[in-house]
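Per-entry structural report
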Amino acid sequence: MDNHFITFNKDEIIFLEGQSSDCAYIIESGKVGIYREDSLGNRFLVRELGNKELFGEMSLIDKYPRSATAIALKNTRCMIVERSRFDYMTKFHPHFTVSLIKSLTERLRATIARLNKAEPSRKGGLAIKTTVSDYYDIKGG
Amino acid sequence: METLCFESGEVVFEAGSSSDCAYLVEEGQFEVSTLCNGKKQVIGTLKEKDIFGEMGIIDNQPRSATVIALEKSKVSLITQECFHSMETTNPEALMPLLRVLSTRIRESFKLLNLQNPSA
């Protein structure tokens, strides 16, 4: 199966939150920032990714639009993982799937931790912290 | 896969208990609840084909909410052994786990947005 590569300049947008998508990327060199926007439209950094890290795979898993924006933080070269290759990998290389499951679990925990941290400290405020962490720990674990 | 049956009102697991397996709902309904300031707060309902507790087979963190059967219900048990054997015998069975994790990440992203933050 062909591997395709693509190069991004520093600050170049790789994909935008909300875009439809049919590929993921593995970083060959460089650095990528994953960003989200808050309700006011301010972009904030969720995580930084480096060599050999995979991103953009959630859209391949569930076929929904991009859940975040990816921007090259340096000049970056990526391998493109097309849907057909991804499907092949998940079908025939279970270790790939298991490592994906582990990485998504870590990411989910990190997101929950961020949610808990972001909770306003005022009493009687949003009950989201309890709800979310418990919901995920349970539904999720 | 081993199955377990629960009567209405029966507890599947409680907050704080250790976790080493996940569940797939075969029949019935379950309620997910937590204690918020000493009061029970229902935070979700699970129905047929829903998976829950899946992170327990991955990183063994304790449960922090309680799941109770709302009616006579049946689940399949996904043990760690079962999870690991899927790796070799039925890798495609791992896909629902990937999907459920993906869904939860998207849901928590949404809440993160709601919550504000320029965190």
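Look up a bit, the structure's there.
Attention in this report is confined to the structure presented alongside it. As the structure is a prediction and not an experimental result, all values here were calculated from the model. Note on numbering: residues in each chain are counted from 1, in written sequence order. Here chains are named by letter from A upward and ligands by number from 1 upward, in the order in which they appear as written. The model is predicted, so local features are restricted to residues of pLDDT at least 70 and side-chain atom pairs to those at 80 or more, both for listing and for counting; the totals for chains, interfaces and linings are taken over all residues. Note: side-chain values were computed over all heavy atoms of the structure, leaving out hydrogens and water.

We now examine the sheet that holds strand 1 (residues 3–6) of chain B. Residue and element names in this part refer to chain B. Spatial ordering of the open sheet is given by 1-8-3-6, a layout of four strands whose pairing is antiparallel. The sheet is open, and its two edges are formed by strand 1 and strand 6 (51–52), each paired on a single side. Note: two strands are recorded as paired if DSSP finds a minimum of 2 bridges between them. In this description a helix means any DSSP run of H or I spanning at least four residues, a strand means any run of E spanning at least two, and both kinds are numbered starting from the N terminus. Judged from the four bridges that link them, strand 1 and strand 8 (residues 73–79) form a sheet pairing that is antiparallel. In the sheet register, C5 faces strand 8, and the bridge partner there is K74.

What follows is about the pattern of salt bridges. We define a salt bridge as a contact between a side-chain nitrogen of Lys or Arg and a carboxyl oxygen of Asp or Glu at a distance within 4 Å. Within this structure, the stated rule accounts for nine salt bridges over all chains. The salt bridge partner of E17(A) is R36(A), with a shortest N-O separation of 3.1 Å. Of this pair, E17(A) sits in the loop between strand 2 (13–15) and strand 3 (23–29) while R36(A) sits in strand 4 (residues 32–37); the two residues are 19 residues apart in sequence, bridging distant segments of the chain. Judged by its relative accessible area of 4%, R36(A) falls in the buried class. Between R106(B) and D62(A) there is a salt bridge; the shortest N-O distance is 2.7 Å. For every residue, the accessible area (1.4 Å probe, protein chains only) is compared with the maximum for its type, and the residue is labelled buried under 20%, exposed over 50%, or partly exposed between those bounds.

Strand pairing in a sheet takes place through backbone hydrogen bonds and is either antiparallel or parallel in direction. Residues and elements named next belong to chain A. Taken in spatial order, the four strands of this open sheet run 1-8-3-6, and their pairing is antiparallel. Where the open sheet ends on each side, the last strands, each with one partner, are strand 1 (4–8) and strand 6 (54–55). Sheet topology note: the strand 3/strand 6 ladder contains two bridges and is antiparallel. Residue pairing across strands places Y25 opposite F55, the latter belonging to strand 6.

Another aspect to go through is the packing of aromatic side chains. Note on aromatic pairs: the rings of Phe, Tyr and Trp (six-membered ring only in Trp) are paired at centre separations within 6.5 Å, and the planes decide the class, stacked below 30 degrees, edge-to-face beyond 60, tilted for the rest. The tally for this structure, following the rule as stated, stands at eleven aromatic pairs over all chains. Arranged with centres 6.0 Å apart and planes meeting at 35°, the rings of F15(A) and F55(A) form a pair that is tilted. In this pair, F15(A) sits in strand 2 while F55(A) sits in strand 6, placing the two residues 40 residues apart along the sequence. Between the aromatic rings of F86(A) and F96(A), the centroid separation amounts to 5.8 Å while the plane-to-plane angle is 75°, which identifies the pairing as edge-to-face. Of this pair, F86(A) sits in helix 2 (residues 83–92) while F96(A) sits in helix 3 (residues 94–118); the two residues are ten residues apart in sequence, bridging distant segments of the chain. Side by side, F86(A) and F96(A) carry an identical accessibility label, which is buried. One aromatic cluster is present, built from ring pairs that chain together F6(B), F13(B), Y23(B), F30(B) and F52(B). A cation over a ring is seen here: R66(A) above F15(A), with NZ or CZ 3.9 Å from the ring centre. A ring is scored as having a charge over it whenever the NZ atom of a lysine or the CZ atom of an arginine sits within 6 Å of its centre and within 35 degrees of its normal.

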